[in-house]
Amino acid sequence: MSYKKELIERITELKELASGSSLWVDQEVRASVGLEVDELASRVKRTEGVLFIGLMGGAGVGKSTIINALAGEKISGSSTKRPFTERPVCYHHQDTQIDLEALSEQVKSINIADAPHQVERIRNIVVFDMPDFDSIIEEHRVIALDMLPRFDLVIWVTSPEKYGDLSFYEMLGRASQSQDNFIFVLNKTDLLNNHNDTGQDQLSQVVGGFTLKLNRVGIMQPLLFYFCALSGIDQNRDKDPNFIAFKDLVFKKREEKEIQAIKLANVESELSRIVHQVKTSLTGRAGKGAVENAEQALITDWDDIRGLSQNLAEASLAGRLEKLLAVLLYQPTQAIWPVRICLAVYRLFTLIIHGLPRTPDISNLNLTPHEETGVLVNRLVYFCHRLAHNLDMWGVKSRPEMLHSPEKFVPQTITTAALFFRERISNSLREEPLMKFGYRWRKIKHSLVLLLPLVFLIIRLLDPALVSQVVRHGNWPAFYQMPINLILTLYTPQGLTALLAFLLIEAIMIPLCARSYLKDINAKSVWLAGVLRQDYAAELDKAAAGLKEKLLDFTSRLKNELNRIDRLK
């Protein structure tokens, strides 16, 4: 993979992380990183072309002279208005198109002065003469620092009388640009060389002191040149070897491959700085250990939620649901008519005693009693608040909806689960239980039980002689006489006694059948209520688990983002 392609992939990954991450303190930080990454991406695309050089230094150190020396002729003049540059000045060949307006908008809307020239030897070099940062105007230092990331090469210029100024080293400390792209120039060395015999000693002393001061601000091996820039312009002067080496280095870096390498190196330096900034600010605030601890707490402490859901289901449905189910399952039209009459009497007394409605109404069932619901809701709200508190400590502002106002979101979730369950049982109980209750079988069983005494009554009233003629001799006329004989026997003392016994037995059996019918209904309602309580507890668990999964999904995303940050380089 090419160096340029690798840089593009790293920039893309950082951009995706900045745009989709939940770990940013606020939108301003997200936007700031996003803009910086976009600028890096555009700089990678501009790696071919001219070399952008920034001249940094205080007033009177000879920055304009260095520009003229590189050009071999005078293209920049010193300011006659005041002893410092008020705004950046861009020196470029007239055939080189530089979008200064776009650059000005990117760098806090500063006004960059345009200074085109016709010098061929520096056609592929664009030099920005930056405002003097040792002036009393703080804006000059801010502009210089904002422009630094746009330069491929930064030349820091000072002079023997100014190399000790504190402002020079303060600016170096505030600069985030890669030190590998810094060149240091000690200009105006002719001020020291005028001392003849001792001049070289003074120059060595100043160069040594300058190098030592650079070491103290962290620049251990500075690329340092010392010369008099006027030697590059004045044809009557001998060329300073140090200036020739400096010029050759700048022109060497001007070559296309060198330019691309420098630009990509600068982009990588800026990318590393942003990544370091992101890692320092985010990883320290939202460590993976803290996220993993919160995630483990959610998993461990959630075990008691099922118990709370079961308690709520028991409190919501205990007793009342059985009674409503008993009324719902009561279908007297499915019983034979003698049992139906008895059931009507039973039902009248049952409704009066238990105060049950004549028709079942599931909507009157309170599925969220205050005390038990409060225990479950408070527990869930506690989990949300604890995670939200940890997110606040980590500086994470983006979070799921439930963490913004858990006191509102969690009760709504439980209430929604209760309403959904009520609607479900209201629809299903009217059909499924009635099909499973077995009314047809009970109707057949009760019919057989009540018809058995009638069979015995008929046998008791039949004449044994007629029965014997029909059975043994197949005397069919005797068979047709049997119903008449049966009716006539009813009016005999023997027949009346058998009829009274039959009625007495039926009077006992009918209430027993009705009682068995109601007992089966009660047993069925108790069993069905138990099943529904378990279903309701499962529904509450499902709602609570939904909250849990959302929280775990969020903590998982946090871990993934932190892992991606750790992998950034």
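Reading guide: rules and limits
- Residues numbered from 1 in each chain as written.
- Predicted model: local features only at pLDDT ≥ 70, side-chain atom pairs only at ≥ 80, totals over all residues.
- Heavy atoms only, no water.
- Helix = DSSP H or I, 4+ residues; strand = E, 2+ residues; numbered from the N terminus.
- Buried < 20%, exposed > 50% of the residue type's maximum accessible area, 1.4 Å probe, protein only.
- Contact = heavy atoms within 4.5 Å.
- Areas by Shrake-Rupley, 256 points an atom, 1.4 Å probe, with all protein chains shown as cover.
- Pairing = 2+ DSSP bridges.
- 1 Å grid on protein atoms, 1.4 Å probe; cavity = no way out; pocket = protein on both sides within 12 Å on 5 of 7 lines; lining within 4 Å.
- Points joined across faces, edges and corners; volume = space filled by probe spheres on them.
- Nonpolar A, V, L, I, M, F, W, Y, C, P; charged D, E, K, R; others polar.
- Core = buried A, V, L, I, M, F, W, Y, C linked by side-chain atoms within 4.5 Å.
- Phe/Tyr/Trp six-rings, centres within 6.5 Å; stacked < 30°, edge-to-face > 60°.
- Axes fitted to C-alpha atoms, helices over the stretch in contact; angles between N-to-C directions.
- Salt bridge = Lys/Arg side-chain N within 4 Å of Asp/Glu carboxyl O.
- Patch = residues over 30% accessible without salt bridge, like charges linked within 9 Å, V, L, I, M, F, W, Y side chains within 5 Å.
- pLDDT = per-residue confidence, 0-100.

Trainee: It is not clear to me how the overall build of the protein chain should be interpreted in this structure. Could you clarify?
Mentor: When helices and strands are tallied, the protein chain shows 22 helices and seven strands. By residue count, 46% of the 569 residues in the protein chain fall in the buried class. Partitioning the contacts of the protein chain with sequence separation of at least 6, the portion at a separation of at least 24 is 81%. Summed over all atoms, the accessible surface of the protein chain reaches about 29700 Å², with 56% contributed by carbon and sulfur.

Trainee: I tried to follow the environment of Lys 162 on my own but got confused; where do I start?
Mentor: Structurally, Lys 162 can be placed in the loop between β5 (153–158) and α6 (166–174). Counting along the chain gives 105 residues from Lys 162 to Gly 57, while the straight-line C-alpha distance between them is 9.6 Å. Aside from chain neighbours lying at most four places away, what touches Lys 162 is Gly 58, Ala 59, Val 61 and Asp 134.

Trainee: Explain the pairing of strand β4 (residues 125–129) to me, please; I cannot follow it from the model alone.
Mentor: Side-chain direction in a regular strand flips from residue to residue, so the side chains alternate between the two faces of the sheet. Most of β4 is tucked away, with five of its five residues classed as buried. Side-chain alternation along β4 places Ile 125, Val 127 and Asp 129 on one buried face and Val 126 and Phe 128 on a second face that is also buried. With five bridges joining them, strand β1 (residues 51–57) and β4 adopt parallel strand pairing. Opposite Leu 55, over in β4, you have Asp 129 as the bridge partner. Alignment of strand β2 (residues 89–93) against β4, held across three bridges, turns out to be antiparallel. By the bridge assignment for β4, Cys 90 is matched with Phe 128.

Trainee: Even after reading the chapter, I still don't get empty space enclosed by the protein, so can you show me in this structure?
Mentor: The rolling of a water-molecule-sized probe over the atoms marks out the regions of remaining empty space. Here the structure, examined in full by the defined rule, presents one cavity of 30 Å³ or more. In this model, the largest cavity occupies a volume close to 40 Å³. The set of elements that each furnish at least two residues to the lining of the largest cavity consists of β5 and α6. Classifying every residue of the lining of the largest cavity gives four nonpolar, three polar and three charged.

Trainee: Sorry, what's going on with the pairing of strand β3 (residues 113–117) here?
Mentor: Going residue by residue along β3, you find Ala 113, Ala 115 and His 117 tucked away on one face and Asp 114 and Pro 116 left uncovered on the opposite face. In the sheet, β2 pairs with β3 via five bridges, with the strands oriented parallel. Across the sheet, residue Tyr 91 finds its bridge partner in β3, namely Ala 115.

Trainee: For this particular structure, what's the right way to read the nonpolar core?
Mentor: If you look at soluble globular proteins, the nonpolar side chains tend to sit buried side by side. Residues Phe 128, Trp 156 and Phe 184 are the most contacted members of the largest nonpolar core, which totals 37 residues. Per-element tally for this core: the top contributor is helix α8 (residues 199–216), with five residues. Not counting residues within four places of it along the chain, the set of residues in contact with Phe 184 comprises Trp 156, Phe 168, Leu 172, Phe 210, Leu 214, Ile 219, Pro 222, Leu 223, Leu 224 and Phe 225. Judged by nonpolar contacts, the second largest core, of 35 residues, contains Ala 418, Phe 421, Tyr 536 and Leu 551.

Trainee: Explanation requested: the packing of aromatic side chains in the structure shown.
Mentor: In this description, a pair of aromatic rings is defined by centroid distance and the angle of the planes. Applying the stated criterion across every chain, the model contains 15 aromatic pairs. Both rings, one in Phe 133 and one in Trp 156, keep their centres 6.2 Å apart while their planes meet at 55 degrees; by these two values the pair is tilted. One end of the pair, Phe 133, is in the loop between β4 and α5 (138–147); the other, Trp 156, is in strand β5, with 23 residues separating them in the sequence. By relative accessible area, which is 1% here, Phe 133 ends up buried. Owing to a relative accessible area of 0%, Trp 156 belongs among the buried residues under this scheme. Through successive ring pairs, a cluster of aromatic residues spans Phe 133, Trp 156, Tyr 163, Phe 168, Tyr 169, Phe 182, Phe 184 and Phe 210.

Trainee: In this structure, what is going on with the sheet that holds strand β7 (residues 224–226)? I would like to understand it.
Mentor: The strand order across the open sheet built from seven strands is β3-β2-β4-β1-β5-β6-β7, with neighbouring strands paired in mixed fashion. Two strands in the sheet have a free side with no partner beyond their single neighbour: β3 and β7. Shown here is a sheet whose adjacent strand axes are inclined to one another by a mean of 20 degrees, direction ignored. Relative to the sheet, helix α3 (residues 63–71) contacts β1, β2, β4, β5 and β6 (182–186), its axis offset from that of β1 by approximately 150 degrees. Set on the sheet, α6 makes contact with β1, β5 and β6; between it and β5 the angle comes to about 165 degrees.

Trainee: Would you mind going over the environment of Ile 425 with me for this structure?
Mentor: Its location among the elements puts Ile 425 in helix α17 (residues 406–428). Under the relative-accessibility criterion, Ile 425 is labelled buried at 2%. For the pair Ile 425 and Tyr 536, spaced 111 residues apart in sequence, the C-alpha separation works out to 9.7 Å.

Trainee: Just checking my understanding: could you explain the pattern of salt bridges for this structure?
Mentor: Any two side chains of opposite charge can pair, on the condition that their charged atoms come close. Evaluated as defined, the whole model comprises four salt bridges. Between Asp 132 and Lys 63 there is a salt bridge whose closest N-O contact spans 2.7 Å. In this pair, Asp 132 sits in the loop between β4 and α5 while Lys 63 sits in helix α3, placing the two residues 69 residues apart along the sequence. Of the two residues, Asp 132 and Lys 63, both sit in the buried class. Bridged by salt links that share partners, the residues Lys 63, Asp 129 and Asp 132 form one connected network.

Trainee: Can you help me understand the side chain of Glu 506 in this one?
Mentor: Mapped onto the fold, Glu 506 is located in helix α22 (residues 493–567). Discounting residues that sit within four places of it in the chain, Glu 506 has contacts with Leu 450, Pro 453 and Pro 511.

Trainee: Before we go on, may I ask you to explain a nonpolar patch on the surface in this structure?
Mentor: Judged by side-chain polarity, Leu 452, Val 455, Phe 456 and Ile 459 come together as a nonpolar surface patch covering roughly 410 Å² of accessible area. The exposure class of Ile 459 is exposed, given its relative accessible area of 55%.

Trainee: Is there a simple way to think about the confidence of the model for the protein chain in this case?
Mentor: One rule of thumb: low pLDDT means the predicted coordinates there are not for detailed reading. When pLDDT is averaged along the protein chain, the result is 76, and 74% of the positions lie at 70 or above. For the protein chain, per-element mean pLDDT is lowest for helix α18 (residues 432–436), which scores 48, and highest for β6, which scores 93.

Trainee: What's the story with the environment of Leu 192 in this structure? I'm lost.
Mentor: With respect to the secondary-structure elements, Leu 192 resides in helix α7 (residues 190–193). Of the residues examined, Leu 192 reaches a relative accessible area of 10% and is grouped as buried. Taking the C-alpha atoms as reference, Leu 192 lies 10.0 Å from Glu 161; in sequence the two are 31 residues apart.

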